Amino acid sequence: MGRPSWDDYFMDIAHLVKTRSTCVRRQVGAVIVKDKRIVSTGYNGSPVRTAHCLDIGCMRERLGIPSGQRHELCRAIHSEQNAIIQAARSGVTMDDATLYVTCQPCSLCAKMLINAGVTRIVYDGDYPDELSLSLLAEAGVALDRRGPPNTPPEAET
């Protein structure tokens, strides 16, 4: 086995990070990298000091909310948001950083990543949010979609 590329290396780490997720519907991991060094990581799950969906069940599932809709009706924080928060808590800038994430960011995360200064996103798995892709393209964020075409995120968990 040969030495992995930087993209493969950091994406493999993102897939490891997602194993900490407490979401019952989809596990997502994120790694923010700057100058080939990890700035922060994040996975989707409930805020600190609150109950995890693994323990109390999924509110979105109980309400029958489809994937990609009504993000505000979820206990979890997205992996990208957690990675941004962790970098901010450490006082680390994300200007010109690359995000490695196991699923295409939603539009809310896309807006946060744009404003945080992320300039490239490498991701596996589609997500039903065309606005996200449109916003990222408009902002000039480079997108690198990996994996087989039209891979549903559920198949990646």
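This structure is a prediction, so every number in the text was calculated from the model and none was measured.

Draft legend 1. Structural view of the state of the cysteines. A complete count under the given rule lists zero disulfides for this structure. Not part of a disulfide, C74 finds its nearest cysteine sulfur in C53, a span of 5.8 Å. The closest cysteine sulfur to the non-disulfide-bonded C109 is located on C106, 3.8 Å from its own sulfur.

Draft legend 2. Geometry of the packing of aromatic side chains. With the rule as written, the count across this model stands at four aromatic pairs. A ring pair is formed by W6 and F10, whose centres lie 5.7 Å apart and whose planes are at 20°; its orientation type is stacked. Within this pair, W6 and its partner F10 are both found in helix 1 (residues 6-17), separated by four residues, close to a single helical turn. On the basis of relative accessibility, which here comes to 41%, the residue W6 falls in the partly exposed class.

Draft legend 3. Broad picture of the sheet that holds strand 4 (residues 118-124). Here we have five strands laid out as an open sheet, ordered 2-1-3-4-5, and mixed in their pairing. With one partner strand each, in any of the chains shown, strand 2 (37-43) and strand 5 (142-146) form the two edges of the open sheet. The mean inter-strand angle of the sheet, taken between neighbouring strand axes irrespective of direction, is 15°. In this structure, strand 1 (residues 29-34) lies alongside strand 3 (residues 97-101), joined through four bridges in antiparallel fashion. Pairing of V31 across the sheet is with Y100, part of strand 3.

Draft legend 4. Molecular detail of the nonpolar core. Core analysis: the largest hydrophobic core is formed by 23 residues, its most contacted members being I32, M94, L99, V101, L113 and I121. Going through the elements one at a time, strand 1, helix 4 (79-90), strand 3, helix 5 (107-116) and strand 4 are the ones with two or more residues in this core. Per element, the largest residue contribution to this core is four residues, and it comes from helix 5. Sequence-distant contacts of M94, that is, excluding residues within four places in its chain, are made with I32, I84, A87, A116, G117 and V118. Counting residues in each nonpolar core, the second largest holds nine residues, with M11, I13, V31 and V33 among its members.

Draft legend 5. Spotlight on the pattern of salt bridges. Here the structure, examined in full by the defined rule, presents six salt bridges. R120 is the partner of D144 in a salt bridge, and the nearest nitrogen-oxygen pair spans 3.3 Å. Placement of D144 in strand 5 and of R120 in strand 4 is noted, with a sequence separation of 24 residues between them. A network of salt bridges, in which partner residues are shared, links D7, R120 and D144.

Draft legend 6. Structural detail: the packing of helix 4 against helix 5. With their axes 9 Å apart at the nearest point, helix 4 and helix 5 run at an angle of 25° to one another. Comparing their axes, helix 5 and helix 4 come out roughly parallel. The way helix 4 lies across helix 5 gives a crossing that is left-handed. Of the residues in helix 5, those in contact with E80, Q81 and I84 of helix 4 are L108, C109, M112 and L113. Looking at the contact of helix 4 with helix 5 residue by residue, the class counts come to five nonpolar, one polar and one charged.

Rules and cut-offs
Residues numbered from 1 in each chain as written. Predicted model: local features only at pLDDT ≥ 70, side-chain atom pairs only at ≥ 80, totals over all residues. Heavy atoms only, no water. Disulfide = S-S within 2.5 Å. Phe/Tyr/Trp six-rings, centres within 6.5 Å; stacked < 30°, edge-to-face > 60°. Helix = DSSP H or I, 4+ residues; strand = E, 2+ residues; numbered from the N terminus. Buried < 20%, exposed > 50% of the residue type's maximum accessible area, 1.4 Å probe, protein only. Pairing = 2+ DSSP bridges. Axes fitted to C-alpha atoms, helices over the stretch in contact; angles between N-to-C directions. Core = buried A, V, L, I, M, F, W, Y, C linked by side-chain atoms within 4.5 Å. Contact = heavy atoms within 4.5 Å. Salt bridge = Lys/Arg side-chain N within 4 Å of Asp/Glu carboxyl O. Parallel < 35°, antiparallel > 145°, perpendicular 65-115°, else oblique. Left-handed = near helix turned anticlockwise from the far one by under 90°. Nonpolar A, V, L, I, M, F, W, Y, C, P; charged D, E, K, R; others polar.

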